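Commentary on secondary and tertiary structure
So you can see what is in the structure, the chains are spelled out below.
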Amino acid sequence: MADTATAPLLTNHRAKLAKTPSIDDTIETYMGTTGAGQLLKAVLLAFAWAFDAQQVFISVFTDAEPLWHCAGADASCSPAAASPCALPDGAWAWDRPAVTSVVSEWSLKCAGPALVSLPASSFFAGCLAGGFLLTTLADSLLGRRKMLLMSIVTMSVAGVLTAFSPNVWAYAALRFVSGFGRSMVGTCTMVLSTELVGKKWRDTVCVAGFFCFTLGFLSLPALAYTFRDASWRNMYLWTSVPSLCYSIPIYLLVQESPRWLLVRGRKQDAIEALQQVASLNGNSITSSFSMLHACTMQEDAAGASGGDSVFATLRSMWQRPWALRRLAAVMTASFGVGTVYYGMPLNVGNLGSNLYLSVTYNALAELPSSILSWLLMDRINRRSSMTALTATAGLCSLACVVIPQGSARMAAELVSFSATCTAFNVLLMYSIELFPTSVRNSAVGLVRQALVLGGVAAPVLVALGRDKSFLSFGMFGLVIGCFGMFAACLPETRGMGMSDTMDEEDQKEAAVANCTVDGMDSTSGDLV
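All of these numbers come straight from a predicted model, not from anything done at the bench. (Residues numbered from 1 in each chain as written. Predicted model: local features only at pLDDT ≥ 70, side-chain atom pairs only at ≥ 80, totals over all residues. Heavy atoms only, no water.)

1. Observations regarding the overall build of the protein
Filter applied, for reference: We count a stretch as a helix when DSSP gives it H or I for four or more residues in a row; a strand needs E for two or more, and each element gets its number in order from the N terminus. Note on definitions: a residue-residue contact is assigned when non-hydrogen atoms from the two residues lie within 4.5 Å. Only the protein chains shown count as cover for residues, and all accessible areas are computed by the Shrake-Rupley method using a 1.4 Å probe.
Summing up its helical and strand segments, the protein has 26 helices and 2 strands in all. Relative to all contacts within the protein whose residues are 6 or more apart in sequence, the contacts with residues 24 or more apart total 83%. Carbon and sulfur atoms make up 65% of the accessible area of the protein, which amounts to about 22,600 Å² in all.

Put into structure tokens, the structure is as follows:
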């Protein structure tokens, strides 16, 4: 009798669940068939990575220490001298005009390493500050599009003003502001571009961003060589002005993520965004959007109480053990990858004495990694790819400790760096899929900050390893090899739909836990 009374209730409950579409199902229904116009818009959006790369690596040329030579017949000057700081004025001169570098223009050569490295340190400090303070705004108040526009404009305006810096202190302050704005460019670009296309094209759009980053990196040695005898200020003008102009088509052509609009309860705006996507594909949605209106969701605890709070998204992750486990594991792996990704290029001088060619080789090493990333993400599980890539990078880096200087050591170093670049790309895509839409931008932002923290640690290891290679290459190998193994603790996401709310991901986690318990009970029963 009890079973009979319960059965209709269960049937009705299951029918109700079956009729209630998720946001992911709804989005895939209306824009899963990505057309050429929609794909081009996503690629246009991904091009922001090129300007991001330029600002990250521009100081390699603008802050470079130029070569010098003895001038006149002063007997106190010797070409074998390690530094001209002890020489009298007029006994030496720069090989090129003083305006080619901030070091020579502001006489920083003898000011000490702390002052010389201050602008670059200020830039990464700005990246860290912006990452921690702005990362939640794209999930809460501003959204992906407005946050991206604000970041690009801030970075570009600061870059233009940097070209007019009167001294190193103003220069360092403006580099801090540029890093503060730049901190969210890559994150918002990746999240927004992948949310504007269907599941099938997500990996392709993500890899397109990596290619654009490489193109931006490659453009710097060409630009620097063009202005090799001109002022370093030209570098900032020729990278910042185009970036500022680029924000105009982004403002005019790119719409907000329909996923984020639905999560925030703005269904009418989501309908308009989907209609724009449909028009790009040559279609017109004439239905009543009944599936969209039927799409109901439970508000997250953070959204129900102060969802517009800047740190509400972080609080919603802290309150869930599965989110904390994922965030801790992926950030740990990210720190290991970032240490080698930013640390290996510091040794690029071993490839040759020509700075322009050395940076070009370094940038070219990222091209095969972008292709390999696309192949791996399309065919192999994320978790397996991450563990294999970080292990390969670690072993090759450790091999550099015992291999003597020469072509063999150079090959091992390039293989390690290429594997690290591929792991870097896969890691960012993995991070997007691990967290729901309501907290995705915040989570990916924190992962990128862990990468930057690894970059902060890298110069210290490089400096310590100048005399003992184990302290650089050896530590690089141990850090990425050990920390990369934390990726094995993460769930697999390849080919799976992305959740949109924390409650939806809670249900998935509960289902997985129940299946695990049922499997253990079944095994125990068989043993009995």
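2. Comments concerning the packing of helix 3 (residues 36-46) against helix 12 (residues 202-226)
To be explicit about the condition: For every element, the axis is a line fit to its C-alpha atoms; helices are fit only across the contacting stretch, and the angle between N-to-C directions ranges from 0 to 180 degrees. Should the near helix be turned anticlockwise from the far one by less than a right angle, the crossing is left-handed, and should it be turned clockwise, the crossing is right-handed. Basically, the charged four are Asp, Glu, Lys and Arg, the nonpolar ten are Ala, Val, Leu, Ile, Met, Phe, Trp, Tyr, Cys and Pro, and anything else, Gly included, counts as polar.
It is at 8 Å that the axes of helix 3 and helix 12 come closest, and there the two elements cross at 35°. With respect to the hand of their crossing, helix 3 and helix 12 are arranged in right-handed fashion. Of helix 12, the residues touching helix 3 (which contributes Leu39, Ala42 and Ala46) are Val205, Ala208, Gly209 and Cys212. Grouping the constituent residues of the contact of helix 3 with helix 12 by class yields 6 nonpolar, 1 polar and no charged.

3. Notes on the packing of aromatic side chains
So the rule is basically this: Within 6.5 Å between ring centres, the rings of Phe, Tyr and Trp (the latter by its six-membered ring) count as paired, and their orientation is classed by plane angle as stacked under 30 degrees, edge-to-face over 60, tilted in between. Partly exposed residues are those whose accessible area sits between 20% and 50% of the maximum for their type, while under 20% is buried and over 50% is exposed, using a 1.4 Å probe and protein chains only.
Taken as a whole and judged by the stated rule, the model has 19 aromatic pairs. An angle of 80° between the planes, with centres 5.6 Å apart, marks the rings of Phe47 and Phe51 as edge-to-face. Given the relative accessible area of 34%, Phe47 is considered partly exposed. Residue Phe51 is classed as buried on the basis of its relative accessible area of 11%. Pairing Tyr171 with Tyr236 gives two aromatic rings, centres 6.0 Å apart and planes at 85°, and the pair type is edge-to-face. With Tyr171 in helix 10 (residues 168-182) and Tyr236 in helix 13 (residues 233-253), the pair connects residues that are 65 residues apart, well separated along the chain.

4. Overview of the nonpolar core
Let me state the cut-off plainly: In this text, buried Ala, Val, Leu, Ile, Met, Phe, Trp, Tyr and Cys residues form a nonpolar core when linked through side-chain atoms within 4.5 Å.
With 85 residues, the main nonpolar core has Met317, Met386 and Phe435 as its most contacted residues. Counting residues in hydrophobic clusters, the runner-up holds 19 residues, among them Leu134, Met147, Val185 and Tyr246.

5. Regarding the side chain of Ser418
Take Ser418: it is sitting in helix 23 (residues 407-434). Excluding anything up to four places from it in sequence, Ser418 contacts Ala365, Pro368 and Ser369.

6. A word on the environment of Gly126
Inspection of the secondary structure assignment puts Gly126 in helix 8 (residues 118-134). What makes Gly126 buried here is its relative accessible area of 0%. In sequence terms Gly126 and Gly181 are 55 residues apart; their C-alpha atoms lie 7.9 Å from each other. Setting aside chain neighbours within four positions, we find Gly126 in contact with Phe176, Gly179 and Phe180.

7. Side note on the confidence of the model for the protein
For clarity, the threshold we go by: One number per residue, pLDDT, summarises how confident the predictor is, and it ranges from 0 to 100.
The predicted model of the protein has a mean per-residue pLDDT of 78, with 80% of residues at 70 or higher. Here residues 1-19 is a poorly scored stretch, pLDDT under 50, and it has 0 contacts once near neighbours within four places are set aside; other chains count. Scored below 50 in pLDDT, residues 296-308 makes 30 contacts in the model with residues more than four places away or belonging to other chains.

8. A short note on the environment of Pro249
Relative to the elements of secondary structure, Pro249 occurs in helix 13. A sequence separation of 204 residues divides Pro249 from Leu45, and the C-alpha atoms of the two residues are 9.4 Å apart.

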